[in-house]
Amino acid sequence: MENQSCKSLEFLLNHPKTGHVTSNVNTETIERRSFSPKKIKIFSSKYTNIKDCPEYKFSNNKEAERLLPDINNNIVQKIIPGEGKTEKAKQAFKIRRNIGVLFSGGPAPGGHNVVAGLYDEVKKYNSESRVFGFLSGPDGLLESKYIEITQSLVDAYRNLGGFSMIKTGRTKIDSKNKMELSLKTCMDLELDALVVIGGDDSNTNAVFLAQRFKSAGIKVIGVPKTIDGDIQVKTDDKETLCAISFGFHTAARAFSQNISNLTSDASSDIKYWHVCKVMGRVASHLTLECAFQTHANLSFIGEELADYTDHHRIEKAKKKGTIDYTAYGMTLRHLSRLICDTIVRRAANGKNFGVMIVPEGILEFINEIQVFIIKLNAIIADYNLTHDIDFHTSFPTLNAKLEYLRRLTRGMGDRDKFSIWNLRDDDLFNQLPAFFREGLLMERDTHGNFQFSQVKTEDIIMDMVKEYLTILKEQGKYKIGIERSYYESTMKNSKFIPDKIAKVLFNNPEDKYMLIKESIISLKTLKQVLINTEVINQNDNIPEPIAQIFKKSDPKFKTQIHFYGYDGRGSDPTYFDCNYTYNLGLTSFHLIANGATGQMAAIKNLEKKFDKWEPIGIPITKLMRLEERKGKLELVIEKSLVDLDSNAFRVFKALRDGWMAADGNPDRYRRPGPVRFAGIAEEDRPITLMLNSI
Ligand code: FBP
């Protein structure tokens, strides 16, 4: 018997169908690999030139002028047809080149297509040219770890997500030694150019490399990657040069598909509020796009919260002849009250469920927490600057870290004058739950950024929401509205006159959703009211239909918490990102072949239809600002936040009450469907971009 079953397993494993259905290469992968992204028309020209565009103006930065003198005068360059090139220039365009490429920072869908576009164009002009991929991000450059990109390698990753082909890393090239090691690797490989595919910090790396490599004749081109969407470039005259970084659209669509599935679950099995924390670091671009994609009931845009004023409190204080300073800016408490307000209003209209989206960087816009983040950043940076051993190694546990902070309040820190942390900070900080304090104290990333994705922001907010809802419930203010038809059918077979009982039970017996009176908060209080109004006698039990209606009105607040981040950034790219990234690869090559360096490859008019797209180079130095990092002012690329004056935000603001559906109207959830790379149903750019292009 045993023997027979072994045989059949062998048969099963060797069966062609088993091989087919268990292969790691499925039909979707095969289709993706063979899909050819669209090419911007200019790339069909035999040769290209670059045209300087002084009409795009940026203000100068003194520090960039000082630190990046050889590339600080770069200006925007457009790639234009180059058929008129001299014969010599044509030969120079086609020379054999070695080009290095690396990914840097978190994965973003479409990265492989940048490499594919670059590779195809390099080989198109000279089949002997070579492309080298540095392994695991900047580390590959520092340690001279690389592979040669081949046709079969590129073909295996076309239109597929992740950065698995050559991996990525977050190492910062922040010392003279690292700079020299990078240069050595590139010179040993006889590179003509290096392409850095990364976010704001990685493009900062790229521009410093461009400065250092200039004298060696090695060009450096950056590529705007990050799901966060916080690399957006506008000129001083508000002309958009880069509407969004690549990967943003796919991540937003992947998150939105999941969020939208939750809207259908929530409105089917009516019992949960789904809380979706969405990646994006500080900026709320992803949340805004997900809001448009799904029409979730509540979506918070961090940038808006920073300007929050509680007019109710201001009025209250005014009446008392005082000023309430806590009314300005958002606190965790205000935020939890706003959430509760929606929950209570939806419940009153029979919807004790919903879906909310919270950006992972929301804490950055909550005054009291932002103060902690800034102070703790400074304390940790100060410690690291003055000790050989780093803060987290010295104080590995939460208690050890707290003890160090306490010593600062007593002036017993290593630097007595370091009084940034005072007794009040210590008191307030210690009121936060331990998991949250631990999150705020966590190690900063290599670039000195606070790691929002590691903090359980949603838990602290929802704990406060739960606490406040309990109070509202005890006050009789949080109740589920009883639909009139349900009430009437429940009362139908009882001896009571529905209209008469409705007046006893409900605040608003005339409305579609009737709310049980605030004074009735338990079966005990219900009985008392029924006795007082002579519906029943002292010794009677509460009649079953009335008890049933009361129970139905009694809300249970249950949540499911979700975090959308790593899943979406690993997704296969959308049609938009497939096309966008492939053309970024082509653009990188044409910038290099035309001698550019210190430029970021970009596509102008991304927010418009494909036939309007224009490949350009943006001077990275012009995007840089001084920012506090690890306790020092550093020249970095400025992150772009949600513009509260943008079309997208204004439309969101106008529509969000409808999506909240906190009145008697039905929910207006939208189904974006799965991420696609082809097909007429696939939208051709992010919704926020479409709105901003109007
Ligand atoms: P990049 O800025 O490198 O593109 O990374 C984006 C991101 O996914 C953020 O949204 C998130 O906060 C962070 O990376 C998470 O970092 P880690 O990969 O180190 O957990």
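Because the structure is a prediction, the values reported are computed rather than measured. (Residues numbered from 1 in each chain as written. Predicted model: local features only at pLDDT ≥ 70, side-chain atom pairs only at ≥ 80, totals over all residues. Heavy atoms only, no water.)

**Digging into the state of the cysteines**
By definition, a disulfide links the sulfur atoms of two cysteines through a covalent bond. Inclusion rule: For the purposes of this analysis, a disulfide is any pair of cysteine sulfur atoms at a distance within 2.5 Å. Burial here depends on accessible area, computed with a 1.4 Å probe over protein chains only, as a share of the maximum for the residue type. Under 20% is buried, over 50% is exposed, and the range in between is partly exposed.
In the structure shown here, the tally under the stated rule is 0 disulfides. Here Cys276 stays free of any disulfide, with the sulfur of Cys290 as its closest cysteine sulfur at 8.8 Å. Overall, Cys276 belongs to the buried group, its relative accessible area being 0%. The thiol sulfur of Cys578 is not disulfide-bonded, and the nearest other cysteine sulfur, from Cys242, lies at 18 Å.

**Overview of unusual backbone geometry**
Stated formally: Numbering of helices and strands runs from the N terminus, with a helix taken as a DSSP run of H or I at least four residues long and a strand as a DSSP run of E at least two residues long.
You will see that Lys238, though not glycine, has its phi angle at about 70°, which is positive. Mapping Lys238 onto the fold places it in the loop between strand E8 (233-234) and strand E9 (240-242). Of note in the backbone geometry, Ala661 takes a positive phi value of approximately 50° without being a glycine. You can see Ala661 is positioned in the loop between helix H28 (647-660) and helix H29 (687-692).

**Points about the packing of helix H16 (residues 367-386) against helix H20 (residues 434-441)**
Basically, it comes down to this: Only C-alpha atoms enter the line fits that serve as axes; for helices the fit covers just the stretch in contact. Angles between N-to-C directions range over 0 to 180 degrees. These descriptions rest on fixed angle ranges, namely under 35 degrees for roughly parallel, over 145 for roughly antiparallel, 65 to 115 for roughly perpendicular, and the rest for oblique. The contact criterion used is simple: two residues touch if any of their non-hydrogen atoms lie within 4.5 Å. When residues are sorted by character, Ala, Val, Leu, Ile, Met, Phe, Trp, Tyr, Cys and Pro go into the nonpolar class, Asp, Glu, Lys and Arg into the charged class, and all the rest, Gly among them, into the polar class.
With their axes 9 Å apart at the nearest point, H16 and H20 run at an angle of 50° to one another. Classified by the interaxial angle, the pair formed by H16 and H20 is oblique. On H20, the residues touching Ile369, Phe372, Ile373, Leu376 and Ile380 of H16 are Phe436, Leu440 and Leu441. Residues that form the contact of H16 with H20 fall into these classes: 8 nonpolar, no polar and no charged.

**Description of the site of the ligand**
Just so we agree on the cut-off: Working definition: residue near molecule or strand if any one of its non-hydrogen atoms lies within 4 Å of it. Nitrogen and oxygen atoms within 3.5 Å of one another constitute a polar contact, given that in protein one can donate a hydrogen and the other can accept it, and given that sequence-neighbouring residues count only through two side-chain atoms. Here, Shrake-Rupley sampling with a 1.4 Å probe gives the accessible areas, and only protein chains in the shown set may cover a residue.
Near the ligand there are 15 residues, and of these Gly106, Thr226, Asp228, Glu360 and Tyr566 occur at the shortest range. In this structure, Gly280 approaches the ligand through a main-chain N or O atom, which is 3.4 Å from an oxygen atom. At 2.5 Å from an oxygen atom of the ligand is found a side-chain nitrogen or oxygen belonging to Glu360. If the ligand stood free it would expose 480 Å²; the protein chains cover 89% of that surface. When its residues are assigned to classes, the shell around the ligand shows 3 nonpolar, 6 polar and 6 charged.

**Some details on the domain arrangement of the protein chain**
Our working definition: By convention here, the domain bounds are inherited from an automatic or database domain assignment.
When the domains of the protein chain are assigned, the result is domain 1 (2-246 + 570-637) and domain 2 (479-554). Distance between the C-alpha centres of domain 1 and domain 2: 66 Å.

**Quick look at the nonpolar core**
Heads up, the rule is: Definition of nonpolar core: a set of buried residues of the types Ala, Val, Leu, Ile, Met, Phe, Trp, Tyr and Cys, connected through side-chain atoms within 4.5 Å.
Core analysis: the biggest nonpolar cluster contains 105 residues, and Leu194, Ile197, Phe255, Ile259, Tyr580, Leu606 and Ile618 have the highest contact counts within it. Considering each element in turn, this core owes the most residues, 9 residues, to helix H27 (residues 575-593). With sequence-adjacent residues up to four places away left out, Ile618 is seen in contact with Val233, Leu241, Cys242, Gly598, Gln599, Met600, Ala602 and Leu623. Counting residues in hydrophobic clusters, the runner-up holds 54 residues, among them Leu298, Val344, Leu405 and Leu408.

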